[in-house]
Amino acid sequence: MPLSFVAIIGIAVIIFGAIMHSAILITLGVNLIVAPISYIGGTLLAGGPDTTIIDFFKGFLTFQLIPLLFLIFFVIRRSRKILGGATN
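Let me begin by describing the structure that accompanies this report. (Residues numbered from 1 in each chain as written. Predicted model: local features only at pLDDT ≥ 70, side-chain atom pairs only at ≥ 80, totals over all residues. Heavy atoms only, no water.)

1. With respect to the side chain of asparagine 31
- Relative to the helices and strands, asparagine 31 resides in helix α2 (residues 23-45).
- The class for asparagine 31 is buried, based on a relative accessible area of 8%.
- Apart from residues no more than four positions distant in its own chain, asparagine 31 is found in contact with Gln64, Pro67, Leu68 and Leu71. (Helix = DSSP H or I, 4+ residues; strand = E, 2+ residues; numbered from the N terminus. Buried < 20%, exposed > 50% of the residue type's maximum accessible area, 1.4 Å probe, protein only. Contact = heavy atoms within 4.5 Å.)

Here it is in structure tokens:
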């Protein structure tokens, strides 16, 4: 899949999330845009002949960690809001 296609889908998800005022959709769009950059960064950092898959994931998470943390935060916040409303 070309990188421009992934970027267009990511931008569309961000715009749709902004229209619906959904932080989860906005962070998913950011993750879609950052994912190819993370893959390239992980590949470049793990490009040596003596590197392992762990080195690739270190490079991948270097770029992807902040958007993933935001996504996890908003999913937990949303689930607490939903579950909290169901018990009251």
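Picking up after the structure, the text goes on.
2. Let's talk about a nonpolar patch on the surface
- Residues Ile11, Ile15, Phe16, Ile19 and Met20 make up a contiguous nonpolar surface patch of about 520 Å² in total accessible area.
- By secondary structure assignment, the location of phenylalanine 16 is in helix α1 (residues 3-20).
- Owing to a relative accessible area of 46%, phenylalanine 16 belongs among the partly exposed residues under this scheme. (Patch = residues over 30% accessible without salt bridge, like charges linked within 9 Å, V, L, I, M, F, W, Y side chains within 5 Å. Areas by Shrake-Rupley, 256 points an atom, 1.4 Å probe, with all protein chains shown as cover. Salt bridge = Lys/Arg side-chain N within 4 Å of Asp/Glu carboxyl O.)

3. What about α2?
- Counted at 1.5 Å a residue, the expected span for α2 with its 23 residues is 33 Å, and the 31 Å between its end C-alpha atoms agrees.
- Remark: the principal bend of α2, roughly 35°, maps to valine 34, with a proline, proline 36, within the next four residues.
- Looking only at α2, the buried set comprises Thr27, Gly29, Asn31, Val34, Pro36, Ser38, Gly41 and Gly42. (Expected span 1.5 Å × (residues − 1). Bend = angle between axes of the 7 residues up to and from the residue.)

4. As for the side chain of serine 38
- Tracing the chain through its elements places serine 38 in helix α2.
- We classify serine 38 as buried; its relative accessible area is 0%.

5. Regarding the environment of isoleucine 72
- Note on placement: isoleucine 72 falls in helix α3 (residues 53-87).
- Given the relative accessible area of 46%, isoleucine 72 is considered partly exposed.
- For the pair isoleucine 72 and isoleucine 37, spaced 35 residues apart in sequence, the C-alpha separation works out to 20 Å.

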